Amino acid sequence: MSLHQSPARYSLAAIILHWSLAALLLFQVSLGWRLEDLTGLPQFAAYQLHKTIGISILLLSVARLVIRLLVPRPRPLNTSLLLAALAGGVHALFYVVMILGPLTGWIIVSTSAIKVPTLLFGVIPWPHLPVSAALHDPAEAVHSLLGWLLAGLVILHVAGALRHHFLRKDILGRMAPAALGRRGALNMVAGLAIAGALTALALAWVLPFGGKAPAQADAGLAGSNVAVADNAGDPAVNASNAAEDAVAVNQAAADQPAKDEAQKAVAWTVQRGGTLNFRTAYSGSDIEGGFSRWDADIVFSPDDLPGSRIAVTVDLASVDSADSQRDEMLRGDEFFGVGAHPRATFRASRITHRDGNRYRAAGTLSLNGQQKPVTLDFTLDIDGMVARARGYTRIDRTAFGVGTGEWSDTSTIPDAVTISFNFQAKRAE
């Protein structure tokens, strides 16, 4: 890209940077206004894009400033001293906004109580600034004011450019390639600039931020998950569950004489397509995700519950919450700590029949170096050689050290996390 310019026109590098920055700034301010209307995963994804565009604007603005200082500019237009001073002030304030805006945003992210890593375009890691947390609120206030200042500057800049254009002063020609320097072509440039500005403003409102996690249970199971989470701390519900377990144990003892004639527990192989999901919330908005790699060792028969066993192993690095940056954070030491504890395991020590096709498995969950008792409820439908299992449980994440430091605040991320599963298994021959 050449930095050479004639006295009548900006360099090609300056032209490209000017229009690129114009589009990014308009998109960024529009996206900033939309952020408050989003919640949950869409808001998280939009903030990540907002940070990426902000850093891009910062880097491009520095490049544009270097070119402005090192490369001669076109001759000033013949105009009044007042209008020349106004134009100069608008241009200077543009550089203030383009550089200070991303810097204050960077400070806000770096001083937030909840540290969320920044990956530019979802790939390039971007560090936090080593600044005091006391700068957070002032930076937030300045960042918000700069957004409104940018909107005002855009109006003034566009109005000034169109005024010069209609007065037939070659202002647009200075910021267009030589091939578009004729009057007719400049009219087209003006039209395209306006259309491009409207498109950049609208684009932030039509982008489909967020989406579903790839693995989700059916709606009926999801409804049950909410009920389990709501009832987990209810003494009446817990007492009822304990009573059901006692009845099931007594019934198993009464049926013992017929045990020899009953079918012994047999091995089952989990089939492809099963789901293992989790549900939590972030700042009041639901977040759902799952694990793509997990396996289960199942030996089971409804007629031989004492001889049945269930062992599930989960590859925690396979976490998928539909956002790569958040998934990377979940794998880190503040959450799953997959470097030291790459797998979670659940082993059922006792399986009891509740009623109909409903069962309960009580066992131990090993997660993040911690072992805690966990009870899960599930339904089982056996049709010949194939069985369908659906189930759920609730765990307290902080008991397993999942979410430490700033993430241990249960007002931001609840302690209770609902786990659900849904899979088919085939009986061994």
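For the structure itself, consult the block above.
Please read these numbers as outputs of a predicted model, since none were measured by experiment.

Engineer: Outline the overall build of the protein chain, supporting the account with residue identities and numerical values.
Structural biologist: A tally of helices and strands in the protein chain yields eight helices and 13 strands. Relative to its 429 residues, the protein chain shows a buried fraction of 40%. Sequence-distant contacts, at least 24 apart, represent 67% of the contacts inside the protein chain between residues at least 6 apart. Surface accessibility of the protein chain: about 22,400 Å² in total, with carbon and sulfur atoms responsible for 62%.

Engineer: So what's going on with the nonpolar core? Which residues, and what values?
Structural biologist: Residues F300 and F378 are the most contacted members of the largest nonpolar core, which totals 45 residues. Once residues lying within four places of it in the same chain are set aside, the contact partners of F378 are F300, I310, I351, N357, R358, Y359, R360, A361, R390, G391 and F421. F27, L38, Y95 and L153 belong to the second-largest nonpolar core, a separate cluster that totals 21 residues.

Engineer: Could you give an account of a nonpolar patch on the surface, naming the residues involved and the relevant values?
Structural biologist: Together, L93, V96, L100, L103, V142 and L149 line one region of the surface with nonpolar side chains, adding up to about 390 Å² of accessible area. At the level of secondary structure, the elements contributing two or more residues to the nonpolar patch comprise α3 (81-111) and α4 (136-166). If one sorts the elements of the nonpolar patch by residue count, α3 sits on top with four residues. Mapped onto the elements, L93 comes out in helix α3.

Engineer: Could you give an account of the packing of aromatic side chains, naming the residues involved and the relevant values?
Structural biologist: Per the counting criterion, the structure on display carries 10 aromatic pairs. Note on Y282 and W407: the rings are 6.4 Å apart at their centroids and 40° apart in plane angle, and the pair reads as tilted. Here W407 lies in the loop between β12 (386-396) and β13 (416-427) and Y282 lies in strand β4 (residues 275-282), a separation of 125 residues in the sequence. Overall, the relative accessible area of 25% leaves Y282 in the partly exposed class. On the basis of relative accessibility, which here comes to 3%, the residue W407 falls in the buried class.

Engineer: Go over the side chain of D323, please, and point to the residues and values.
Structural biologist: Mapped onto the elements of the fold, D323 is located in the loop between β8 (319-320) and α8 (324-331). Salt bridges are absent for the buried D323, whose nearest opposite-charge side chain, R326, sits at 5.3 Å. Among the polar contacts made by the side chain of D323, one reaches the main-chain amide nitrogen of Q325 at a distance of 3.1 Å.

Engineer: Lay out unusual backbone geometry with the relevant residues and their values.
Structural biologist: Both trends apply: most residues other than glycine have a negative phi, and most peptide bonds are in trans. At A322, a position not held by glycine, the phi torsion is positive, near 70°. Turning to its location among the elements, A322 is positioned in the loop between β8 and α8. For N368, which is not glycine, the phi torsion reads 55° and is therefore positive. Among the secondary structure elements, N368 is positioned in the loop between β10 (358-367) and β11 (370-383).

Engineer: Just give me the short version of the pattern of salt bridges, but keep the residues and values in it.
Structural biologist: If you walk through the whole model with that rule in mind, you get eight salt bridges. Here R331 and E328 are joined by a salt bridge, their closest N and O atoms 3.2 Å apart. Residue R331 and its partner E328 are both found in helix α8; the two are separated by three residues, about one turn of the helix. Under the relative-accessibility criterion, R331 is labelled partly exposed at 21%. Assessed through its relative accessible area of 46%, E328 is described here as partly exposed. The network of salt bridges with shared partners includes R354, R360 and D377.

Engineer: So what's going on with the pairing of strand β7 (residues 309-315)? Which residues, and what values?
Structural biologist: Two elements, strand β6 (residues 294-300) and β7, share six bridges in a ladder whose sense is antiparallel. Following the sheet pairing, V299 is matched in β7 by R309. Two elements, β7 and strand β9 (residues 343-355), share five bridges in a ladder whose sense is antiparallel. Residue pairing in the sheet places V314 in a bridge with A344 of β9.

Engineer: Go over the environment of V142, please, and point to the residues and values.
Structural biologist: Within the secondary structure layout, V142 lies in helix α4. Overall, the relative accessible area of 33% leaves V142 in the partly exposed class. Residues V142 and L100, spaced 42 residues apart in sequence, show a C-alpha to C-alpha distance of 8.8 Å. Aside from chain neighbours lying at most four places away, what touches V142 is L100 and T104.

Engineer: So what's going on with the environment of T352? Which residues, and what values?
Structural biologist: Mapped onto the elements, T352 comes out in strand β9. A C-alpha to C-alpha distance of 9.2 Å links T352 and P302, two positions 50 residues apart in sequence.

Engineer: Tell me about the side chain of D377, and name the residues and values.
Structural biologist: Relative to the helices and strands, D377 resides in strand β11. The exposure class assigned to D377 is buried, which follows from its relative accessible area of 14%. One polar contact links D377 to R354, side chain to side chain, over a distance of 3.1 Å. A distance of 2.6 Å separates a polar atom in the side chain of D377 from a polar atom in the side chain of R360. Sequence-distant contacts of D377, defined by excluding residues within four places in its chain, comprise R354, Y359, R360, R390, G391 and Y392.

What counts and how
- Residues numbered from 1 in each chain as written.
- Predicted model: local features only at pLDDT ≥ 70, side-chain atom pairs only at ≥ 80, totals over all residues.
- Heavy atoms only, no water.
- Helix = DSSP H or I, 4+ residues; strand = E, 2+ residues; numbered from the N terminus.
- Buried < 20%, exposed > 50% of the residue type's maximum accessible area, 1.4 Å probe, protein only.
- Contact = heavy atoms within 4.5 Å.
- Areas by Shrake-Rupley, 256 points an atom, 1.4 Å probe, with all protein chains shown as cover.
- Core = buried A, V, L, I, M, F, W, Y, C linked by side-chain atoms within 4.5 Å.
- Patch = residues over 30% accessible without salt bridge, like charges linked within 9 Å, V, L, I, M, F, W, Y side chains within 5 Å.
- Salt bridge = Lys/Arg side-chain N within 4 Å of Asp/Glu carboxyl O.
- Phe/Tyr/Trp six-rings, centres within 6.5 Å; stacked < 30°, edge-to-face > 60°.
- Lys, Arg positive; Asp, Glu negative; His and termini not counted.
- Polar contact = N/O pair within 3.5 Å; in protein donor to acceptor, adjacent residues only side chain to side chain.
- Pairing = 2+ DSSP bridges.

By themselves, these figures tell us nothing about what the structure is for.
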